[in-house]
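The primary structure of each chain is shown beneath.
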Amino acid sequence: MERVQEHEECLVQTQMYWVERPVYNEEFLQGQLHKKEKTPQPLSQKIAHSCRCSSKKAKSHLYSFLPILKWLPRYPVKAYLLGDIVSGISTGVMQLPQGLAYALLAAVPPVFGLYSSFYPVFLYTFFGTSRHISIGTFAVISLMIGGVAVREAPDEMFNIMESNSTNSTDLLENYKARDAMRVKVAVAVTLLSGMIQLSLGLLRFGFVAIYLTEPLVRGFTTAAAVHVFTSQLKYLLGIKTKRYSGALSVLYSLIAVFSNITKTNIATLVVGLTCIVLLLSGKEINDRFKKKLPVPIPMEIIVVIIATGVSAGMNLSNTYEVDIVGDIPKGLLAPKVPDINLIPAVFVDALAIAIVGFSMAVSMAKIFALKHGYTIDGNQELIALGICNSAGSFFQTFSITCSMSRSLVQESTGGKTQIAGTLSSIMVLLVIVAIGYLFEPLPQTVLAAIVMVNLKGMFKQFGDITHFWRTSKIELAIWIVAFVASVLLGLDYGLLTAVAFAMITVIYRTQSPQYRILGQIPNTDIYCDVEEYEEVKEYPGIKIFQANASLYFANSELYASALKKKTGVDPCAVLATKKKAQKRHAKELKQTNEHRKKAVLKLTNDMETSVKHEVINDELPLNGKSADVNAQGTSPDELEHFMEPVTNVHCIILDLTPVNFVDSVGAKMLKSVIKEYEEVGVFVCIASCSGPVMDDLTRLNFFEKSTTRDLLFHSVHDAVLSCQLKVGSVPQTASDLFVSTSESHMEN
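Residues numbered from 1 in each chain as written. Predicted model: local features only at pLDDT ≥ 70, side-chain atom pairs only at ≥ 80, totals over all residues. Heavy atoms only, no water.

Put simply, the rule is: UniProt positions are given in the numbering used here, feature names are shortened, and annotations may be inferred rather than shown by experiment.
In the nomenclature of an unreviewed UniProt entry, the chain is known as Protein SOGA1 of Platysternon megacephalum. The record held by UniProt for the chain lists under Subcellular location (unreviewed entry) the comment "Membrane".

## Points about unusual backbone geometry
The test is simple: Put simply, DSSP marks the helices as runs of H or I at least four residues long and the strands as runs of E at least two long, and each gets a number from the N terminus on.
Notably, Ala107 is not glycine yet its phi reads approximately 60°, a positive angle. Tracing the backbone shows Ala107 in the loop between α6 (77–105) and α7 (111–116). The phi torsion at Asn523 lies on the positive side, around 65°, for a residue other than glycine. The topology assignment puts Asn523 in the loop between β3 (515–520) and β4 (527–529).

## Section: the packing of helix α10 (residues 169–202) against helix α16 (residues 343–372)
Cut-off, in case you're wondering: Axes, fitted as lines to C-alpha atoms, cover a helix only where it is in contact. Angles between the N-to-C directions of the axes lie from 0 to 180 degrees. These descriptions rest on fixed angle ranges, namely under 35 degrees for roughly parallel, over 145 for roughly antiparallel, 65 to 115 for roughly perpendicular, and the rest for oblique. Should the near helix be turned counterclockwise from the far one by less than a right angle, the crossing is left-handed, whereas a clockwise turn marks it as right-handed. Residues count as neighbours in contact if any of their non-hydrogen atoms are within 4.5 Å of one another.
Orientation of α10 relative to α16, taken along the N-to-C sense of each, is 55°, at an axis distance of 8 Å. Classified by the angle their axes make, α10 and α16 are oblique. Note on packing geometry: the crossing formed by α10 with α16 is right-handed. Residues Val185, Val189, Leu192, Ser193, Ile196, Gln197 and Leu200 of α10 form the contact with α16, whose own contacting residues are Ile343, Val346, Phe347, Ala350, Leu351, Ile353, Ala354, Ile355, Gly357 and Phe358.

## Topic: the pairing of strand β11 (residues 683–687)
Applied cut-off: Per-residue accessibility, obtained with a 1.4 Å probe over protein chains only, is compared with the maximum for each type, and a residue is labelled buried under 20%, exposed over 50%, and partly exposed between these values. Here a strand pair is declared whenever DSSP counts at least two bridges between the two strands. Assignment of crossover handedness uses the view with strands pointing away from the viewer, where a clockwise path from the first strand over the helix to the second indicates a right-handed crossover.
Judged by how many residues are buried, β11 sits mostly within the fold: five of five residues are covered. Residue alternation in β11 divides its side chains into two sets, Phe683, Cys685 and Ala687 and Val684 and Ile686, and both sets are buried. Pairing geometry for strand β10 (residues 651–655) and β11, over five bridges, is parallel. Residue pairing across strands places Ile652 opposite Val684, the latter belonging to β11. On the question of chirality, the crossover connecting β10 to the parallel β11 by way of helix α28 (residues 664–679) is right-handed. By the bridge criterion, two bridges tie β11 to strand β12 (residues 712–713) in an arrangement that is parallel. The partner of Ala687 across the bridge, within β12, is Phe713.

## Some remarks on helix α14 (residues 299–314)
What counts, and what does not: Here the expected span of a helix is defined as 1.5 Å times the quantity of residues minus one.
With 16 residues, α14 extends 22 Å between its outermost C-alpha atoms, agreeing within 8% with the 22 Å of an ideal straight helix rising 1.5 Å per residue. Looking at the buried residues of α14, the elements they touch are α6, α13 (266–288), α15 (316–319) and α20 (444–453). Looking one or two residues past α14, Asn315 carries a phi angle of roughly 50°, positive in sign.

## As for the pairing of β3
Summarising burial for β3: six of the six residues are buried, a large majority. Burial along β3 is two-sided: the face carrying Tyr515, Ile517 and Gly519 and the face carrying Arg516, Leu518 and Gln520 are both buried. Two elements, β3 and strand β5 (residues 542–547), share four bridges in a ladder whose sense is antiparallel. Looking at the pairing, Ile517 lines up with Phe545 of β5. The sheet contact formed by β3 and β4 spans three bridges and is antiparallel. Across the sheet, the residue bridging to Gly519 is Cys528, located in β4. The loop that links β3 with its antiparallel partner β4 comprises six residues; one of these, Asn523, has a positive phi angle of about 65°.

Right, here's the structure in full:
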């Protein structure tokens, strides 16, 4: 009993709080609050302030530009060094075969894949902010580079025809000239993409990656996997066909391969399939026993070493005409300025490569940063990638980014910092300067097998279709458009198409928001959708309308239409009904007067010779009721008595809580709505405006003439209380007392 009494006393105290609580509308708040005075700073002062330098500011900028200066002096040698060494070796043995393999995708000789696995990886150690990602060659970027190189330096330019058996000296010279030209194109694209990334980073444009949403990136990379797999079929089968790029390149490549399927080199196919089986077995073992294995089995380098030895021992190149890697120059190339004359022809491709490369790197970096509890700087990542690509282009590298498979290995084998990346790059350097020539007998089909097996994770992304079907149809549409467009139009135009479609979905969502009528949760000041919860109740005569989108030119008319539909009050229809009723009433009054004039007067003589006028049909029936013969016009009371009420809604509250901004069209729509409903006797007010929305309305001169700030309320509940006061509502229950300022409150 005591607990019940305590609960009742608490409830009464809470109820009295709401009874005595004032109504907070905008006019009240304007009288109570005073804005802080802010003196606008001239542009010259802003520029001078930004250019002002101090020792602290210079140190901060230096640490930001070279993050290694911040973490290397604090490097815990005993705790981190062993893990970084193991991780660096494990990553390095993956970096080597993948560098050779992805060079084929980039349409350049394999040794340039080794260059791209050394210079950028080493530079990222100094400028990158992620501790765990592995920078280097990546299938998607390599394929995009190869598409540009093939387009700008096709086989026809060098008189190279499709053939499966030729060893002429002239043809070899043509191959060398073609490869040299493709290297120039790849290097030019790399320089330009690096400059774009560096510029975006310096201009603090790291946010551009947000426009590549996860469904878009996953659909795009799945399409890239299809392109990569198709491009490697000819190496797996030992068929010499033309490499295609651009729209429908996948289809053309498949047609070329299957039209020459009878020319398959059996020895090449056997070697390639054997390597695929070994690589898949190794991946399965690593996945199944990853908790028991101290480090993953480096199956790729094992396969490369075995295949190289078998190829050299059996002389597969001469005996079975198996295509091999060929010449790998010993040592590093001298720096060389890229051919800038090619830049205009590859600008669009470089822009796409720059954005995709940054998106891949920053997404993986964020995953590892979240897992290990540190932060990355998106702008600095852009700068780091820009420096890696632009500086590396002078040493004949092609564009790089983060590799997902190598990053997972680098992190899972105990890597703590980019010291692991540095060690992996040093391993690649040793191969370049010392033992690179040993891999010359390596069959190209082995590299194709490595590329194909590494696509396994990307092909698993087809499972996204069922996931997005259950969670979001719009994200599923983005995934499908990104995939189909990238497969059919090529990776560059497919990416642009996917980004454009993703933007359209944003517009669609704002044009087609969810419209709700809100009601109150009993005994609270919380308002929810009346169609979603059974306990939520509406106030009689009050409609609370909410739309979860901003108000601008694209959805203003839809907002007004939804308001009329949801509230059940259409001012135009109400006015039309009233006018129709008035016309009908006026017509019937006219008919009454005509009947009165035609009435027959009967004269009767009485004893005093007086005349008495008697009106026949003293009362004429009108719509089943008696019409007053003395009525000379239509009084408001008579009209109200004649007409049935059109609506019982007297107040509409527009909840703008989800609204982020309002443009001029949206503001005009709100004023029009308020005016239209006012004409039919319905009061419209606005609740829960955010600060930016208030600034928009003020700047658009919304509060002038009939529209004043007393229409705005701090919350929906304040607006409800005000509406109840306007119509003089009297609460009948305890819950009404809890949420309204009643007549008893006014008496107090």
